[in-house]
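Listed below, chain by chain, are the residues.
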Amino acid sequence: MVAKETLRRDIVGNDDLSRQTPNIPLVSTLSTDWGGLYLHYYRQLPFEMVEHSCPQHRIIIHDRTSPSPIFESIEGLNQLNSVSSGTVRVLPANTQIRANWEVEHQFIVLSFEPDVLARHIAETSNARGVELLPILNPSDPLIHGIGLTLKTELESGGIGGRLYVDAVKTALMAHLLRHYSVQNYLLPSIVNGLPKRTLQQVVDYIHAHLNQDLTLTTLAAIACMSPSYFSRLFKQSTGRAPHQYVIRCRIDRAKQLLLQGELSLAEIAHRLGFAHQSHLSHHFKRQVGSSPKAFLNSQ
């Protein structure tokens, strides 16, 4: 079966963003020139966002605490995250993400073109091969403060001027470079995938934690690599992307648990880290070719 193509949406283009964020932003820089930096401030009702990617780097900044967690999937790996004022999401360009929330949700989206960070690196350091990392849910007072500062600047009509925005942007780029990036040139050159010992460590970790929200960042950290570099080598080693491998392992375990007959389908879904029973059923049918019920009846 052919996998459904991930939507690609350009923050600054003419793309229809309604399947990402149905309500138009309360504040937006679309008519303001901030030199490749963009800000949108949203208030969204409960919503299920489709999986999508974006050519710009994005930072999601939460400016208030929510009573309900948010389900988030980054590169196919799922997390259920609390939402507190000051927490952020760093999403490099082209990262596949989807999310859904059950209560009204307000947040700032800071986006910037990849060449904004590249220019900062070229002007301030000798680093090469720098890659921004996908990070979900850290508390970051500096990024939170920068987001609120830029939102206030936009709401004031740009009273501080472009030089002020450029100074804040420079501080943001420096912070991201220091705390949310890696340098790929420091990584070992491996032609045929992960070393066997490293691959075994990752696979063992996956099988031991199928009931948890496995993240690409966590798996890459086991291999001491950046997420994108790890993904390439892991696929060379296994023939599957990390999220595809994890789903396959969960479905294999689900078949075992179904045959044991001790747990309901909903309990199995919860035990194996699926968002809900229908989420398990969807992936089960894609992997096995039949529903869980039909699979049991065929045994």
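> What is the right way to look at the environment of Pro242 in this model?
As for its position among the elements, Pro242 is in helix α7 (residues 242-260). In this structure, the C-alpha to C-alpha distance between Pro242 and Pro227, residues 15 residues apart in sequence, is 10.0 Å. Apart from residues no more than four positions distant in its own chain, Pro242 is found in contact with Leu216, Leu219, Phe230, Ser231 and Phe234.

> Got a minute to help me understand the packing of aromatic side chains in this structure?
The relation between two aromatic rings is expressed through the spacing of the ring centres and the mutual angle of the planes. By the definition in use, this model includes six aromatic pairs. Seen in terms of ring centroids, Phe284 and Phe295 are 5.5 Å apart; in terms of plane orientation they differ by 65 degrees. Their pairing is edge-to-face. Taken as a pair, Phe284 in helix α9 (residues 277-288) and Phe295 in helix α10 (residues 292-298) lie far apart in primary sequence, eleven residues in all. Three or more aromatic residues joined by ring pairs form one cluster here, namely Tyr42, Phe47, Trp101 and Phe107. The ring of Tyr41 has Lys151 sitting right over it, with the charged end atom 4.6 Å from the ring centre.

> In this structure, what is going on with the layout of surface pockets? I would like to understand it.
It is the rolling of a water-molecule-sized probe over the atoms that shows where space remains empty. Of the volumes computed, that of the second largest pocket is approximately 160 Å³. Where the lining of the second largest pocket is concerned, the elements lending two or more residues are α1 (114-124) and α3 (161-179). For the lining of the second largest pocket, the per-class residue count stands at two nonpolar, three polar and four charged.

What counts, and where the lines are drawn
- In every chain, residue numbers begin from 1 and rise along the written sequence.
- Per-residue local features of the predicted model are confined to residues with pLDDT of at least 70, and side-chain atom pairs are confined, for both listing and counting, to 80 or more; whole-chain, interface and lining totals are unaffected and use all residues.
- Only hydrogens and water are set aside when side-chain values are computed; all heavy atoms of the structure are taken into account.
- Helix numbering and strand numbering both begin at the N terminus, where a helix is a DSSP run of H or I of at least 4 residues and a strand a DSSP run of E of at least 2.
- Residues count as neighbours in contact if any of their non-hydrogen atoms are within 4.5 Å of one another.
- Stacked, edge-to-face and tilted labels apply to pairs of Phe, Tyr and Trp rings (six-membered ring for Trp) whose centres lie within 6.5 Å, assigned for plane angles under 30 degrees, over 60, and everything in between, in that order.
- Only when the NZ of Lys or the CZ of Arg is both within 6 Å of the ring centre and within 35 degrees of the ring normal is a charge said to sit over the ring.
- A 1.4 Å probe that fits into a set of points on a 1 Å grid over the protein atoms alone but cannot get out defines a cavity; an open set with protein on both sides within 12 Å along at least five of seven lines defines a pocket, and lining residues are those with an atom within 4 Å of a point.
- Grid points are joined across faces, edges and corners, and a volume is the space filled by probe spheres set on the points.
- Three categories are distinguished: nonpolar for Ala, Val, Leu, Ile, Met, Phe, Trp, Tyr, Cys and Pro, charged for Asp, Glu, Lys and Arg, and polar for the others, with Gly belonging to the last.

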